[in-house]
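# Coordinate analysis (summary)
Single-letter residue listing:
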Amino acid sequence: MSKTEPWPTLSGAGALRLGMGRERVIVTGAGGWLGLATLEMLHALLGEAIHDRVVCFGSHERTLRLRGGLELTQRPLAAMAELPAKPSLLLHLAFLTQEKARTLSPEAYAAANWTISLQVMTALDRVGVQKVFLASSGAAYVADDPKAARTKRLYGALKKEDEDRFIGWAEDGGGRLVIARIFNLAGPYINKRASYALACFIADVLADRAIEISASHRVYRSYVAVEELMSVSLGALTAEPSGIVRFDTAGAAVLEIDGVAHAVADTLAPRLAVRRVAMTRDLPDRYVGDAAAYNALRDALGVRPVDLPEQIRQTAAFMAEWPEEEALA
């Protein structure tokens, strides 16, 4: 599977402009799912020039190893302020996930994310950042929703605060800011696989067992490929020298989780059974973005849409090739 499925690539106007440009690209949170996938696509776009144009930062110094043998050095985030001043784009992907919110106290979780924001905000103007892509979350919409889980509210509230900080930077200094409120993603370098239904379903297929749905209530999701997200984001980021753009991610269709499970089975193993626990709860879980606005932006930027079967194949190819512990080693 992994040998035949093509790897994701950037498309559209943003890929063209970035490939022809000379700006430095700074990636924070480079060792996470979105960071590693983005680095792989930047390598495909820039070739060996990635070593001259792209700088990676994360929680600590380490070597990032990607498919195809690419190795890049990740520096500690605090070292970002030491970069020489140079016209730069920042892809800000660093943030402690909801999983951390479940293991840390609310105070410790908030403090850790505030520290990340402070380190980045302090460095922006000093190192020459002119444009910022901020990876936010659909959870920002439920920050004040009493029906949402406590950790999701906290995560969403901190994401909203992060958005406001960067909006202030763009408004005060005339910079370019693109904010994506990310809902459901698919694609290579997926991590924390037990947390994502799509990854769990694919894992069932790879283990040649029936796909199990544990949700006892209606769950609605809509998936976007990481390559599509980053192509749209880079397109919007490079379109203008200043101004603020904010969008939701949204796939071509909203599916109940049973439909997602059957899409995985139909794409990878049509004869595999799909089983679900009894439906015992009435409250639906709908976590999807504004599709009309997202599709209009994607099409205007000339980005190639990636349908759900292709998303499933790309994700499965990566999961089959890279055990999770190796993906983040």
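Above: the structure in question.
Residues numbered from 1 in each chain as written. Predicted model: local features only at pLDDT ≥ 70, side-chain atom pairs only at ≥ 80, totals over all residues. Heavy atoms only, no water.

### Describing helix 5 (residues 106-127)
With 22 residues, helix 5 should cover 32 Å at 1.5 Å per step; its first-to-last C-alpha distance of 32 Å lies within 8% of that length. Residues Y109, A110, N113, I116, S117, V120, A123, L124 and V127 constitute the buried set of helix 5. Residues of helix 5 that are buried sit in contact with strand 1 (24-28), strand 5 (88-92), helix 4 (98-103), strand 6 (129-137) and helix 6 (150-173). Of the residues flanking the end of helix 5, it is G128, one or two places downstream, whose phi is positive at about 95 degrees. (Helix = DSSP H or I, 4+ residues; strand = E, 2+ residues; numbered from the N terminus. Expected span 1.5 Å × (residues − 1). Buried < 20%, exposed > 50% of the residue type's maximum accessible area, 1.4 Å probe, protein only. Contact = heavy atoms within 4.5 Å.)

### Section: the nonpolar core
L39, V54, F133 and L229 are the most contacted members of the largest nonpolar core, which has 71 residues in total. Ranked by the residues each element gives to this core, the list is headed by helix 2 (residues 33-46), at 8 residues. Listed in part, the 36 residues of the second largest apolar core include A101, V129, L134 and L177. (Core = buried A, V, L, I, M, F, W, Y, C linked by side-chain atoms within 4.5 Å.)

### Side note on the pattern of salt bridges
Applying the stated rule across the entire model yields 20 salt bridges. R218 is the salt-bridge partner of E256, the closest N and O atoms lying 3.8 Å from each other. Taken as a pair, E256 in strand 13 (residues 255-256) and R218 in the loop between strand 9 (211-213) and strand 10 (219-221) lie far apart in primary sequence, 38 residues in all. Judged by relative accessible area, E256 falls into the buried class, the value being 13%. The class of R218 is partly exposed, set by a relative accessible area of 40%. The network of salt bridges with common partners includes E40, R67 and E321. (Salt bridge = Lys/Arg side-chain N within 4 Å of Asp/Glu carboxyl O.)

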